[in-house]
Amino acid sequence: MCSFYLSGTFGTTFAETYSFIKHIKHMFKKILPWLLCAVFVLGLSACKKRQTRADEAAAQGVLLIANGSEPSRLDPHLATGVPENRIISSLLEGLIAYHPTNDSLPEPGMAESWEPNEDSSEWTFHIRDARWSNGDPVTAQDFVYSWRRMLTAALGAEYAPNLFVIKNAQEYFEQKITDFEQVGVHAIDEKTLRVTLVGPAPYFLNMLKHYSFFPVNPCSVESMGGITDRMGEWTRPGNFVCNGPFVLEQWETNKVIRVVKNPDYWDADKVQLNAIEFIPIENQSTEESSFLAGQLHLTTNIPLSKIPYYLSNRGDIAHFEPYLGVYFYRLNVTKPPLDNPKVRMALNYVINRKLITENVTRASEQPTYAYTPPGIMGYEPPVVLSTDADKARQLLAEAGYPGGEGFPPLEILINTDEGHRQLAEVMQQIWSKELGIHVTILNQEWKVFLESQNKMDYDISRSGWIGDYMDPGTFLDMWTTGNGNNQTGWSNSDYDRIILEARMARNQQARYEKLFEAEQILLKELPIVPVYWYTTKHLMDPRLRGYYPKLLDNHPYKYMYFDLDTQQP
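Going along each chain's sequence as written, the residues are numbered from 1 onward. This being a predicted model, a pLDDT of at least 70 is required before a residue's local features are given, and a value of 80 or more before pairs of side-chain atoms are given or counted; all residues contribute to the totals for chains, interfaces and linings. Values shown for side chains rest on all heavy atoms present in the structure; no hydrogens or waters enter the calculation.

**Quick look at the overall build of the chain**
- Assigned secondary structure in the chain consists of 18 helices and 18 strands.
- Seen through its C-alpha atoms, the chain measures out along the principal axes to roughly 110 × 65 × 40 Å.
- Relative accessibility decides the category of a residue: with a 1.4 Å probe and only protein chains considered, values under 20% of the type maximum give buried, values over 50% give exposed, and everything between is partly exposed. Counting only residues that meet the buried cut, the chain has 55% of its 569 residues in that class.
- In the chain, once contacts between residues fewer than 6 apart in sequence are set aside, the share between residues at least 24 apart is 70%.
- With 52 positive and 69 negative side-chain charges, the chain shows a separation of 8 Å between the mean positions of the two kinds. Runs of E in the DSSP output that reach at least two residues are strands. Runs of H or I that reach at least four are helices, and both are numbered from the N terminus. The criterion used for residue contact is that any of the two residues' heavy atoms lie within 4.5 Å. Only four residue types enter the charge count, namely Lys and Arg as positive and Asp and Glu as negative; His and the chain termini do not. Where a charge sits is defined by one atom per residue type, namely NZ (Lys), CZ (Arg), CG (Asp) or CD (Glu).

**A word on the pattern of salt bridges**
- Salt bridge, as used here, is a side-chain nitrogen of Lys or Arg placed within 4 Å of a carboxyl oxygen of Asp or Glu. Evaluated as defined, the whole model comprises 26 salt bridges.
- Arg-258 is the partner of Glu-249 in a salt bridge, and the nearest nitrogen-oxygen pair spans 2.8 Å.
- Relative accessible area serves as the criterion here: at 18%, Arg-258 is assigned to the buried category.
- A single network of salt bridges, built from pairs that share partners, joins Arg-53, Glu-249, Arg-258 and Glu-277.

**Some thoughts on the sheet that holds strand β5 (residues 122-127)**
- DSSP calls a pair of strands paired once it identifies at least 2 bridges connecting them. If you trace the four strands from one edge of the open sheet to the other, you get β4-β5-β7-β6, paired in antiparallel fashion. A strand with exactly one partner marks an edge of an open sheet, and here the two such strands are β4 (111-116) and β6 (185-189). Each adjacent strand pair in this sheet contributes to an overall mean axis angle of 20°, direction not counted.
- Two elements, β6 and strand β7 (residues 192-196), share four bridges in a ladder whose sense is antiparallel. Bridge pairing in β7 links Val-185 to Val-195.
- Docked against the sheet, helix α5 (residues 140-150) engages β5, β6 and β7, running at close to 165° with respect to β6. Interaxial angles span 0 to 180 degrees and are taken between N-to-C directions of axes, which are lines fitted to C-alpha atoms, for helices over the stretch in contact.

**Let's talk about the nonpolar core**
- Definition of nonpolar core: a set of buried residues of the types Ala, Val, Leu, Ile, Met, Phe, Trp, Tyr and Cys, connected through side-chain atoms within 4.5 Å. Ranked by internal contacts, the top residues of the largest apolar core, which has 169 residues, are Trp-147, Phe-204, Tyr-371 and Trp-431.
- Top contributing element to this core by residue count: strand β11 (residues 318-331), with nine residues.
- Ignoring sequence-local partners within four residues, the contact set of Trp-431 consists of Leu-347, Val-350, Ile-351, Ile-412, Gly-436, Ile-437, Val-439 and Ile-460.
- If you look at the next biggest cluster of nonpolar residues, it comprises five residues, including Leu-413, Trp-446, Phe-449 and Tyr-458.

**Quick look at the pairing of strand β10 (residues 275-279)**
- Along β10, five of the five residues are buried, which leaves the element largely enclosed by surrounding structure.
- Side chains Ala-275, Glu-277 and Ile-279 of β10 all project onto a buried face; the interleaved residues Ile-276 and Phe-278 project onto the opposite face, where all are buried too.

**Digging into the side chain of His-77**
- One can find His-77 in the loop between β1 (62-66) and α4 (82-91).
- His-77 sits in the buried class, given a relative accessible area of 1%.
- Only 2.9 Å separates the side chain of His-77 from the side chain of Arg-149, close enough to count as a polar contact.
- Apart from the residues within four sequence positions on either side, His-77 is in contact with Ser-146, Arg-149, Met-150, Leu-155, Ala-157, Tyr-211, Ser-212, Phe-214 and Val-216. Whenever a nitrogen or oxygen atom comes within 3.5 Å of another N or O atom, the pair is scored as a polar contact, on the condition that within protein one atom can donate a hydrogen and the other can accept it, and that pairs from neighbouring residues in sequence are kept only if both atoms are in side chains.

**Description of the packing of aromatic side chains**
- Aromatic rings from Phe, Tyr and Trp, with only the six-membered ring used for Trp, were paired whenever their centres fell within 6.5 Å, and each pair was classed as stacked if the ring planes differed by under 30 degrees, edge-to-face if by over 60, and tilted otherwise. Overall, the coordinates contain 28 aromatic pairs when judged by the stated rule.
- Ring plane angle 80° and centroid distance 5.7 Å describe the contact between Tyr-532 and Tyr-534, whose orientation is recorded as edge-to-face. Each member of the pair, Tyr-532 as well as Tyr-534, carries the same accessibility label: buried.
- Ring-pair connections join several aromatic residues into one group, and the members of that group are Trp-123, Phe-125, Phe-143, Trp-147, Phe-204 and Phe-213.
- Whether a charge lies above a ring is judged from NZ of Lys or CZ of Arg, which has to be within 6 Å of the ring centre and within 35 degrees of the ring normal. Sitting above the plane of the Trp-251 ring, Arg-236 keeps its charged end 4.3 Å from the centroid.
- The positively charged end of Lys-391 is found above the aromatic ring belonging to Tyr-349, 4.2 Å away from the centroid.

Printed below as a string of structure tokens:
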């Protein structure tokens, strides 16, 4: 068959064919070096093509951050969540800024200096020579306007009670007085702000780091809706007037929010990043995959199922740190049977929190038998809760539901997150098995979830609270009657009175004693189900520098940069 192919098909002899093959071999030897060179060049080209988005962004000084949920808004006086905080803190700066390594230390922001009076009940701030991104000078009057906006009841700022530490702020918010001149915040001149408080508050500087105290540009707000407009267009790209290290360039819903370096920022020379892209990714597995595929530099979380692996094997990229926060469930006490304290106690005492942190969350979280997390110097919360299933069943029976008989079904509201769902399923199983209670789970997207919780359209709501500053008051003030962050319907006049007395206390020890007393009441009546104290857990590109472990997990972007000489794992 071979001979037929050579002679019959081409009409040539075997010798001619052999000579032709030798000629081809000779030619191949001559061009082989050129072929190898071409393969090498193509290989280099292929390597270049394999460069990831994270590689390109790092080289350009662009930080890619997963930001969990799409932010509900970027108005600092209306925002309430961590996803919003991460972005707002890049755009605006208050009197006091976040310190890069220590949450207890004040860092000069818009105030270049300050001094308290003898008992820290009055503070004077000296505003630096800084400008808004539209060229306006930052003035003391900007802060007076902004804090008046926060305290204007018609705006409906949930964080307004944060400012009740200021003299007559609560009275103005509750419209008991109408003249803002009576509130303890005054512009002495263009660059001097004086703040008078309800009592001594050496912790006031740390409170000022929170975005509820941030200034907004008065001209911008007034030209796009006014002081009480909750939907003003001034927070959109092209409209947002900033005084922070970055300005808002792009906001594509559910895709990306991009901020770029602000050349008018007072400390612009210190800012090394050229831009930050905040990418909303609610699914933790998708977030992890995006990081490993080189699409991100920093994640907000790690999937629960992967935590043991990262703890044991990937210390180069996985980071686990203490976090001043508590994971808990809100209980809507306006709805029977959750209006009964014995039912609420039963839901609490049946939970084995240690078992949950060791077998479900597994990231070194601490089970909580109080509410306020550890880590605040000088304050130890009261340890009240415990695990006692027999006591829980007895309490439920005393409430009229022996063995869960006749108990109406309840629903746990969660926002989209696989970790929240897994824990809700554990709670569902515990309450069903131990108490005979039927519980379902409802999942909602972040913005809808926040609205449902705010309107108290829920039975049990997945919740978390991260300290706004290093003080127990940031955890306990929120449970006063009518507080915008309460959202349970719970009210206790003794609790309200003690919190007010704590604000008026003459020294920190007396204040902490009052807060301890208030927390005991909270843990007795239990409009909440505390589960554990947080740790932060995230994946981080080893090239990122200036990102330090911090209890409040607030990281000033102006200190961050990329070390491009660091080898990728």
